[in-house]
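A closer look at the structure
Below are the chains, spelled out letter by letter.
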Amino acid sequence: MLDDMPIVICIPARNEEAMLPQLMQAMAELTVDRALLTVCLYLDDCSDGSSAWLEHIVPTLPYRLTVAQGGADGVPNAGAARGAAVAMGLALLDGEDGLIFTTDADSRPHSDWIMMGCKALAEAEVVAGRIVRTRATGDPQAFRIERYYDRLHRYRRSLDPVAWEARDTHHFSGGANIAMRASAYRMIGGFLPMPSGEDARLLDDASRAGLRVRRDAAMVVETSSRREGRIAGGLAGLLRALDQGEQPRMADPRGVAWQWRAQAAARQGFGVMDRLDERARLGERLGLTADHVLGVVRDCPNAEAFAMRIVPAAPIHNDMVSLDEAEDILTILENRCCEIAA
């Protein structure tokens, strides 16, 4: 049962002294059995007063807080920092299973964050929650992109439904809002030391390993809309680019739709891949030989891993398009899907 599992909240922070008070307050407001909870804060090459402030505040906190410092090479690396924060939590679990939550130091989880995460983890091994930017409506272009990707993900699940997906789903895959079982994290090797994108990579690795990845909008974290980020390639950089008039380019929805239909076919056919005719049929669809399909299926523990590993990049509609074009194409695809369902 998840109810009595230890919970570690693992947070990397880099020169976030100004944001730590709201983060610590959010931790204090969480609806959770505090006997099960430990907050692990990894100070990544901090040169501000974060450490001194935390040392002062620790005795007043209504939960356990453990702090570690590292990353003294001066080169920001989001994946390494988040991995170090989770390593603190794993050390506390000491080989036992437990629940790992991670967020960012400039973020504020809702009070029911842990409760909603635990409910979601009863259905899946890894959960990506919704990330809500403060003052999001003040960034209309970014808000529009987020709404587009939400539509796109819902369309994906209409083509390739899975039992563990949340009814209220979304597209976000950010490290500001991820929960997972410690056993799952260990299985896939954790966050890779990537300068950015370590969060999306972890979710991809989990799916390719055959784990259930759920995107659940009931598990909410608010994060800042600031333009000065701590790493290159993050949200702050995207917002700055949009402010400067950069026009976003998106993958053609028809290409990703091809992939999702193929993944649905692979998922449905996993149980009959012992038959040569079925392997040949799927291989012809994907541009692969039946022997190649057999080699992949033998290495996959379940249908989820098979669907994620066997389908290649789309051979059609693989150019980038403008946001206007992407929205129009997606509307056509959605309408066709509704017509078929009717």
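The following refers to the structure shown.

Cut-offs used in this document
Residues numbered from 1 in each chain as written. Predicted model: local features only at pLDDT ≥ 70, side-chain atom pairs only at ≥ 80, totals over all residues. Heavy atoms only, no water. Helix = DSSP H or I, 4+ residues; strand = E, 2+ residues; numbered from the N terminus. Buried < 20%, exposed > 50% of the residue type's maximum accessible area, 1.4 Å probe, protein only. Contact = heavy atoms within 4.5 Å. Polar contact = N/O pair within 3.5 Å; in protein donor to acceptor, adjacent residues only side chain to side chain. Phe/Tyr/Trp six-rings, centres within 6.5 Å; stacked < 30°, edge-to-face > 60°. Lys NZ or Arg CZ within 6 Å of the ring centre and 35° of its normal. Disulfide = S-S within 2.5 Å. Core = buried A, V, L, I, M, F, W, Y, C linked by side-chain atoms within 4.5 Å. Pairing = 2+ DSSP bridges.

The residue Arg82 is located in helix α3 (residues 78-93) in this model. By relative accessible area, Arg82 is classed as buried at 5%. In the structure, Arg82 is positioned 112 residues away from Met194 in sequence and 9.9 Å away in space, judged by C-alpha atoms. In this structure Arg82 touches Pro12, Thr102, Thr103, Asp104, Gly175, Ala176, Phe191 and Glu198, once residues within four positions along its chain are discounted. Side-chain polar atoms of Arg82 contact the backbone oxygen of Gly175, separated by 3.1 Å.

With that out of the way, let us pick up the packing of aromatic side chains. Under the defined criterion, the tally for this structure stands at four aromatic pairs. Summarising the aromatic geometry, the rings of Tyr185 and Phe191 are spaced 5.7 Å apart at their centres and angled 55° between planes, so their arrangement reads as tilted. With respect to burial, Tyr185 and Phe191 carry one shared label: buried. A cation sits over an aromatic face here: Arg147 above Phe143, 5.3 Å from the ring centre.

Tallying each qualifying case throughout the model produces zero disulfides. Cys40 supplies the cysteine sulfur nearest to Cys10, a cysteine that is in no disulfide, at a spacing of 4.7 Å. Free cysteine: Cys118, not disulfide-bonded; nearest cysteine sulfur from Cys10 at 14 Å.

To continue, consider the nonpolar core. Counting residues in each nonpolar core, the largest one holds 35 residues, and the members touching the most others are Ile9, Leu41, Tyr63, Phe101 and Ile114. Elements with a contribution of two residues or more to this core: β1 (7-13), α1 (20-28), β2 (37-44), α2 (50-57), β4 (99-102), α4 (113-121) and β8 (213-223). The element best represented in this core is α4, accounting for six residues. Of all hydrophobic cores here, the second largest spans 26 residues; its members include Cys40, Val126, Ala209 and Val213.

This part covers the pairing of strand β7 (residues 178-181). Residues Ile178 and Met180 line one face of β7 and the alternating positions Ala179 and Arg181 line the opposite face, and both faces are buried. In this sheet, β7 lies alongside β4 in antiparallel orientation, the contact comprising four bridges. Bridge pairing in β7 places Thr102 opposite Ile178. Both strand β6 (residues 126-133) and β7 contribute to a ladder of three bridges, which runs antiparallel. In the strand pairing of β7, Ala128 is matched with Ile178.

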